[in-house]
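# Tertiary structure, described
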Amino acid sequence: MTELIDPFGRKVEYLRLSVTDRCDFRCFYCIPKGFKDFTESENKLSLDEFVRLSRLFSELGVDKLRITGGEPLVRRDIGEMVSRIGALPGITDLSMSTNASQLARYAKDLKEAGIRRINVSLDTLKPDLFKEITQGDLNKVIAGLMAAKEVGLHPIKINMVVMKGCNLDEVGEMVDFCLENHFTLRFIETMPVGAAGQDARDHYVNLDEVRRTLEKRFEFEPANMTGAGPARYLKVKGGRLKIGFITPMSQHFCESCNRVRLSSEGTLYLCLGQADKLEMRLLMRKGLTDDELKGAIIEAIRRKPEKHEFNDRPGQVVRLMSMTGG
C-alpha cells in the first residue's frame with residue numbers, strides 16, 4: 001500500500017472531514033458576528049464525493065477519520081454519510097466533533113452507524129455565558145452529552161477553549177463536571193484563525209497557567225489516550241479523570257502532525273495554520289480517475305509544511321475555523 005509521507009518523514013494517517021461550514025451556533029471566536037458568506041450549495045461536495053475521497057484516502061493508508069463542521073449534525077444526510085464512510089474497510093477509527101446541540105436526537109443512530117467516540121465543544125457551564133459565547137442553548141448540549149453517554153459512546157471528550165476575562169475562572173467547575181460524568185477534559189488555547197480568531201486574541205491564556213492552578217488540587221501523572229491527536233494528557237493519580245492540554249500557541253505539536261483537513265467545498269488543507277491547499281472538488285469534476293486523484297493527493301502531501309506560524313505570522317490565515325474543520 002502506498003503511504004502518505006510528508007517531506008519531514010511524518011506519516012499522514014488522519015483525515016478531518018469538514019462536511020459543512022454551517023453551524024447552528026455562532027461562537028464569537030469562530031464565526032464573525034453577522035457573517036453570512038457560507039459556501040453555496042453548488043460548491044459543496046456531494047455525499048458521493050465525500051465518500052469517494054474518504055475511500056481514496058483510506059486506500060492511501062489513512063485509517064483515522066473525524067467528521068467535523070461547522071456543525072456536522074446540521075447536514076440532513078449525515079446518518080447515511082457516517083454509515084457509508086464507516087463501512088469503508090480501511091477506516092478503523094471513525095469519530096466526530098460536534099457542539100452536541102442535536103446529539104440527543106442522533107446519538108443512538110451515530111453509534112449504530114459506526115461512530116465510537118466524540119469530541120464536544122463546551123466552554124462554560126453557565127447558561128447565560130454559554131448564550132453569550134455561542135448564541136445557543138446549554139440545556140440542549142447537556143441533553144446531548146447525556147444521550148451520548150447512555151448509548152455508550154466512549155470516550156466523550158469535552159473541549160474547553162480557555163479565555164481570559166470569560167471562562168478562566170470555570171476550569172475547576174469543568175473538572176468537577178467531567179469527573180462526575182466520566183468524561184475526558186481537554187483545555188485549548190485560542191488560535192488566530194480567521195477574523196473571529198484574530199478578534200479573540202485578547203482572550204488568550206497560556207495553558208501553563210491552567211495546569212498550575214489544577215496542580216494545587218490534584219497530583220498528576222502522564223497518561224496515554226487513543227486518538228490523542230495534538231493533546232498532551234495527564235491523569236489524576238488514583239482517579240479516572242484524564243485532562244488534555246492543546247497548546248498551539250505556547251508549545252506547538254507540529255513535529256508529530258499526522259493529519260490533513262478536507263473542507264466542505266473540497267479544499268484539502270495541509271496545515272491548520274498555513275495556506276497550503278489542493279482543490280479536490282475541481283479535480284473530481286474535471287473527471288480525473290481514482291489513480292489520478294491519488295497522485296494529486298500524494299503530490300500535495302509532499303508540500304505539507306513543517307509547522308504553523310501562529311506566533312510569527314498570526315494574521316496569515318484568513319479563512320474561518322468553521323471552513324477548515326478545526
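This one's a predicted model, so the numbers in the text were calculated from it and none came from an experiment.

Rules of the game
Residues numbered from 1 in each chain as written. Predicted model: local features only at pLDDT ≥ 70, side-chain atom pairs only at ≥ 80, totals over all residues. Heavy atoms only, no water. Helix = DSSP H or I, 4+ residues; strand = E, 2+ residues; numbered from the N terminus. Buried < 20%, exposed > 50% of the residue type's maximum accessible area, 1.4 Å probe, protein only. Contact = heavy atoms within 4.5 Å. Pairing = 2+ DSSP bridges. Axes fitted to C-alpha atoms, helices over the stretch in contact; angles between N-to-C directions. Parallel < 35°, antiparallel > 145°, perpendicular 65-115°, else oblique. Left-handed = near helix turned anticlockwise from the far one by under 90°. Nonpolar A, V, L, I, M, F, W, Y, C, P; charged D, E, K, R; others polar.

## Digging into the environment of Ser 121
Checked against the element boundaries, Ser 121 lands in strand E4 (residues 117-121). A residue is classified by how much of its surface remains accessible, and Ser 121, at 36% relative accessible area, is partly exposed. On a C-alpha basis, the gap between Ser 121 and Ala 100 in space is 7.7 Å, while along the polypeptide they are 21 residues apart. For Ser 121, the residues in contact, after removing those within four places along its chain, are Thr 98, Asn 99 and Asn 159.

## What about the sheet that holds strand E10 (residues 259-262)?
Strand order in the open sheet made by the 12 strands is E7-E8-E9-E6-E5-E4-E3-E2-E1-E10-E11-E12, with mixed pairing throughout. With one partner strand each, in any of the chains shown, strand E7 (220-222) and strand E12 (277-279) form the two edges of the open sheet. The mean angle between the axes of side-by-side strands here comes to 25°, regardless of whether they run parallel or antiparallel. The pairing of strand E1 (residues 14-18) with strand E2 (residues 64-68) spans 5 bridges and is parallel. By the bridge assignment for E2, Ser 18 is matched with Thr 68.

## Quick look at the pairing of strand E8 (residues 232-236)
Of the pairings in the sheet, the one linking E7 to E8 comprises 3 bridges and is antiparallel in character. Its bridge partner being in E8, Pro 222 is matched across the sheet by Leu 234. With 4 bridges connecting them, E8 and strand E9 (residues 242-246) associate as antiparallel partners. The residue of E9 that forms the bridge with Lys 235 is Lys 242. Hairpin geometry of E8 and E9 is characterised by an intervening segment of 5 residues between the two adjacent antiparallel strands and by a positive phi of about 80° at Gly 238.

## Remarks on the environment of Gly 86
If you trace the backbone, Gly 86 turns up in helix H2 (residues 78-86). A relative accessible area of 30% means that Gly 86 is categorised as partly exposed. Placed 35 residues apart in sequence, Gly 86 and Val 51 show a C-alpha to C-alpha distance of 9.7 Å. Each residue touching Gly 86, except ones within four places of it in the same chain, is listed here: Leu 94 and Ala 113.

## Topic: unusual backbone geometry
Leave glycine aside and you will find that most residues have negative phi; peptide bonds, for their part, are mostly trans. With an omega dihedral of 10°, the bond running from Gly 69 to Gly 70 counts as a cis peptide bond. By the element assignment, Gly 70 lies in the loop between E2 and H2. The omega angle of the peptide bond from His 154 to Pro 155 is -5°, so this bond is cis rather than trans. Relative to the helices and strands, Pro 155 is located in the loop between helix H5 (138-151) and strand E5 (156-161). The backbone of Gln 135 sits at a positive phi, close to 65°, despite the residue not being glycine. Examined against the element boundaries, Gln 135 turns out to sit in the loop between helix H4 (127-134) and H5. Since its relative accessible area comes to 52%, Gln 135 is described here as exposed.

## Notes on the packing of helix H1 (residues 47-59) against H2
Relative orientation of the contacting elements H1 and H2 amounts to 25°, with a least axis distance of 10 Å. Taken together, H1 and H2 sit at an angle that is classed as roughly parallel. Seen from above, H1 lies across H2 with right-handed handedness. In this structure, H1 uses Leu 47, Asp 48, Phe 50, Val 51 and Ser 54 to contact H2, whose residues at the interface are Glu 80, Met 81, Arg 84 and Ile 85. Looking at the contact of H1 with H2, its residues break down into 5 nonpolar, 1 polar and 3 charged.

## With respect to the pairing of E1
A large share of E1 lies buried, amounting to 5 of its 5 residues. Burial of E1 is two-sided: the residues Tyr 14, Arg 16 and Ser 18 facing one way and the residues Leu 15 and Leu 17 facing the other way are all buried. Looking at chain direction, E1 and E10 are connected through 4 bridges and run parallel. Paired with Tyr 14 across the bridge in E10 is Arg 259.

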